Amino acid sequence: MSQWDKLITEILSKSPHLRFEDLAKALTRLGYRQTQPKGGSSHYTFRKSGRGSLTIPKQVPMKKVYIELVSEAVKADLEEANHG
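Structure report, in brief. (Residues numbered from 1 in each chain as written. Predicted model: local features only at pLDDT ≥ 70, side-chain atom pairs only at ≥ 80, totals over all residues. Heavy atoms only, no water.)

Time to look at the packing of aromatic side chains. For the structure shown, the criterion picks out 2 aromatic pairs. Between F20 and Y44, the aromatic rings sit 5.0 Å apart at their centres with planes inclined by 45°, giving tilted as the arrangement. Here Y44 lies in strand β2 (residues 43-47) and F20 lies in helix α2 (residues 20-29), a separation of 24 residues in the sequence. Summarising the aromatic geometry, the rings of F20 and F46 are spaced 6.3 Å apart at their centres and angled 50° between planes, so their arrangement reads as tilted. In this pair, F20 sits in helix α2 while F46 sits in strand β2, placing the two residues 26 residues apart along the sequence. Each member of the pair, F20 as well as F46, is classed as buried. Members of the aromatic cluster, each reached through a chain of ring pairs, are F20, Y44 and F46. The aromatic ring of W4 is capped on one face by R29, whose charged end is 4.1 Å from the ring centroid. (Phe/Tyr/Trp six-rings, centres within 6.5 Å; stacked < 30°, edge-to-face > 60°. Helix = DSSP H or I, 4+ residues; strand = E, 2+ residues; numbered from the N terminus. Buried < 20%, exposed > 50% of the residue type's maximum accessible area, 1.4 Å probe, protein only. Lys NZ or Arg CZ within 6 Å of the ring centre and 35° of its normal.)

Now the structure itself:
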């Protein structure tokens, strides 16, 4: 299993060990554009045409709610790729 497959499996299983960098890497590879925070904020926004934007704070540990948001976005993208 490749590192990419392992990362996707962790995201889809909503592993509590995921870091911001893991989530950002997956979203970027799936075509989301990352916007840097302004004014000292720790929240990064990820946008993709045809999808809603995701705003995720860079924090340790990642809160479950943000892992779930990314998991749902990744799941939707993978389903679209397999059926579209």
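Read on for the rest.
Bringing the pattern of salt bridges into the picture now. As enumerated under the stated definition, the model contains 7 salt bridges in all. One salt bridge in this structure joins K14 and E72, with 3.8 Å as the shortest N-O distance. Here K14, found in the loop between α1 (3-12) and α2, pairs with E72, found in helix α3 (residues 64-83); they are 58 residues apart in sequence, far enough to count as distant. With relative accessibility at 43%, the residue E72 sits in the partly exposed group. (Salt bridge = Lys/Arg side-chain N within 4 Å of Asp/Glu carboxyl O.)

Strand order in the open sheet formed by 3 strands is β1-β2-β3, and the pairing between neighbours is antiparallel. In this open sheet, the two strands that pair with only one neighbour each are β1 (33-35) and β3 (54-57). This sheet shows a mean twist of 25° between the axes of neighbouring strands, independent of strand direction. Sheet topology note: the β1/β2 ladder contains 3 bridges and is antiparallel. Each residue of the ladder has a partner; that of R33, found in β2, is R47. α2 rests against β1, β2 and β3 of the sheet, and its axis sits at about 20° to β2. (Pairing = 2+ DSSP bridges. Axes fitted to C-alpha atoms, helices over the stretch in contact; angles between N-to-C directions. Contact = heavy atoms within 4.5 Å.)

Next up on the list: the packing of α1 against α2. Taken N-terminus to C-terminus, the directions of α1 and α2 make an angle of 110°; their axes are 11 Å apart at the nearest point. By the angle between their axes, α1 is roughly perpendicular relative to α2. Between α1 and α2 the crossing geometry is left-handed. The residues of α2 that touch α1, namely those facing W4, L7 and I11, are D22, L23, K25, A26 and R29. Of the residues assigned to the contact of α1 with α2, the class counts are 5 nonpolar, no polar and 3 charged. (Parallel < 35°, antiparallel > 145°, perpendicular 65-115°, else oblique. Left-handed = near helix turned anticlockwise from the far one by under 90°. Nonpolar A, V, L, I, M, F, W, Y, C, P; charged D, E, K, R; others polar.)

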